[in-house]
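This is what each chain is made of:
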Amino acid sequence: MTWNGEEADIEAYVGRVGHEGDLKPDFDTLRALHRAHVASIPFENLEMMVGRPVPLDLAALQDKLVRQRRGGYCYEQNLLFAAVLERIGFAVTGLGARVRVGASSRRAVTHMLLKVEADGQQWHCDVGFGGLGLLEPISMGNEGHVRQDARQGEWRFGIVQEANGARVLRTERAGGWFDLYEYTLEERLPVDYVVMNHYTSTHPMSSFIRRPVVQRAAPDVRRTLVGEHLTVTRPDGTSDERDVSARELGDVLDREFGIELSAEDRAELIRAHYAGA
């Protein structure tokens, strides 16, 4: 199996995400698991912030995201999801994307997403893009008709194909459509994500090693903590913003994102990145 699905602890995973329905390789199951995963497992890069590596083997992913009830970033989240889907019987293909959020030039391929086949269609799945990400799968369309538009909760997402063949995932905000990332259908293997993960988690130019990033998407609100800055955004474009002090960091991570750090990890995070907050 490409994603080591035979090693996936399905019982523990469905307990973690709160799924109580069937586990069949059909779209209803895919949609339900995608929504449950996004709702339950937050996006976070805190392992890097406390000076630890980010292993991508399935045993480590299940220990961290499932048993320790922590979160993770794109490779961790989507590799775990791919293994679970493969165990159930889905055909899963890994893809790579160039993130456009906050970009002033074209970036390298550093984001992971999935193509999943269900009910005779191909679905764009991504449980690892954080606060701006999909809540559920979106259709990749048919040959010659890629353009898609879907409402998920109070948010709208779309896929368009550009002249060079790249597909672009977008979300609608108060000011109009906003590009999230571009991708092609070139297949990526687990070893490709090991290389991407090494760059993203260790390179001095990677934004993920500079400050904590914790995010969570919900049907009616998007929550983001970047550094000490907490933002809660609603579909109409309004938002609440404030700085989080070191003293309240643990409570905010727990209350807003469902992350319970150990006392040692919380102290190390505060020491390294919240001094003076």
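This structure is a prediction, so every number in the text was calculated from the model and none was measured.

Conventions we followed
Residues numbered from 1 in each chain as written. Predicted model: local features only at pLDDT ≥ 70, side-chain atom pairs only at ≥ 80, totals over all residues. Heavy atoms only, no water. Helix = DSSP H or I, 4+ residues; strand = E, 2+ residues; numbered from the N terminus. Rg over C-alpha atoms; globule rule 2.2 N^0.38 Å. Buried < 20%, exposed > 50% of the residue type's maximum accessible area, 1.4 Å probe, protein only. Contact = heavy atoms within 4.5 Å. Salt bridge = Lys/Arg side-chain N within 4 Å of Asp/Glu carboxyl O. Core = buried A, V, L, I, M, F, W, Y, C linked by side-chain atoms within 4.5 Å. Expected span 1.5 Å × (residues − 1). Pairing = 2+ DSSP bridges. Axes fitted to C-alpha atoms, helices over the stretch in contact; angles between N-to-C directions.

## Description of the overall build of the protein chain
Argument step 1. On a plain count of helices and strands, the protein chain comes out with 8 helices and 13 strands.
Argument step 2. In terms of C-alpha radius of gyration, the protein chain reaches 18 Å, essentially the compact-globule figure of 19 Å for 277 residues.
Argument step 3. Each of the three principal axes of the protein chain carries a C-alpha extent, and together these read 55 × 45 × 35 Å.
Argument step 4. Sorting the 277 residues of the protein chain into buried and exposed places 51% on the buried side.
Argument step 5. In the protein chain, the proportion of contacts linking residues at least 24 apart, taken out of those at least 6 apart, comes to 58%.

## Side note on the pattern of salt bridges
It is possible for side chains bearing opposite charge to pair when their charged atoms get close.
Argument step 1. For the structure shown, the criterion picks out 21 salt bridges.
Argument step 2. For E44, the salt bridge identified is with R70, shortest N-O distance 2.8 Å. One end of the pair, E44, is in strand β1 (residues 43-44); the other, R70, is in the loop between α4 (58-67) and α5 (74-88), and 26 residues separate them in sequence.
Argument step 3. A salt bridge links D240 to R234, with the shortest nitrogen-to-oxygen separation between them at 3.1 Å.
Argument step 4. With a relative accessible area of 28%, R234 lands in the partly exposed category.
Argument step 5. Salt bridges sharing common partners tie together E44, E47, R52, R70 and D265.

## Topic: the nonpolar core
Argument step 1. Among the nonpolar cores identified, the biggest contains 77 residues, and Y13, L30, Y75, F81, L225, L253 and L269 are the most heavily contacted of them.
Argument step 2. Here the element with the most residues in this core is α5; it accounts for 10 residues.

## A look at helix α2 (residues 27-40)
Argument step 1. For α2, built from 14 residues, the straight-helix expectation of 20 Å at 1.5 Å per residue is met to within 8% by its first-to-last C-alpha distance of 20 Å.
Argument step 2. Those residues of α2 not exposed but buried are F27, T29, L30, L33, H34, A36, H37, V38 and S40.

## Quick look at the sheet that holds strand β9 (residues 176-183)
Argument step 1. Here we have 8 strands laid out as an open sheet, ordered β5-β4-β3-β2-β9-β8-β7-β6, and antiparallel in their pairing. For this open sheet the edge positions go to β5 (138-139) and β6 (148-152), each flanked by a neighbour on one side alone.
Argument step 2. Bridge count between strand β2 (residues 91-99) and β9: 3 bridges; the pairing is antiparallel. Each residue of the ladder has a partner; that of A97, found in β9, is Y183.
Argument step 3. Across the sheet, α5 lies against β2, β3 (111-118) and β4 (121-125), angled at about 20° from β3, the strand it touches most.

## Side note on the pairing of β4
Argument step 1. Looking at chain direction, β3 and β4 are connected through 5 bridges and run antiparallel. Considered in β4, the bridge of V116 is made with W123.
Argument step 2. Count of turn residues in the β3/β4 antiparallel hairpin: 2 residues, of which D119 carries a positive phi of about 55°.

## Remarks on the pairing of strand β8 (residues 167-173)
Residues in a regular strand point their side chains to alternate faces of the sheet.
Argument step 1. In terms of residue burial, β8 counts as a mostly covered element, since 5 of its 7 residues are buried.
Argument step 2. Bridge count for strand β7 (residues 155-161) against β8 is 5 bridges, and the pairing is antiparallel. Its bridge partner lying in β8, I159 is registered against L169.
Argument step 3. Between β7 and β8, which pair antiparallel and follow one another directly, the connecting turn spans 5 residues, one of which, G165, has a positive phi of 95°.
Argument step 4. Where β8 and β9 come together, 7 bridges link them in antiparallel fashion. Looking across to β9, one finds that L169 is bridged to Y181.
Argument step 5. If you look at the hairpin formed by β8 and β9, you'll find 2 residues sitting between the two strands.

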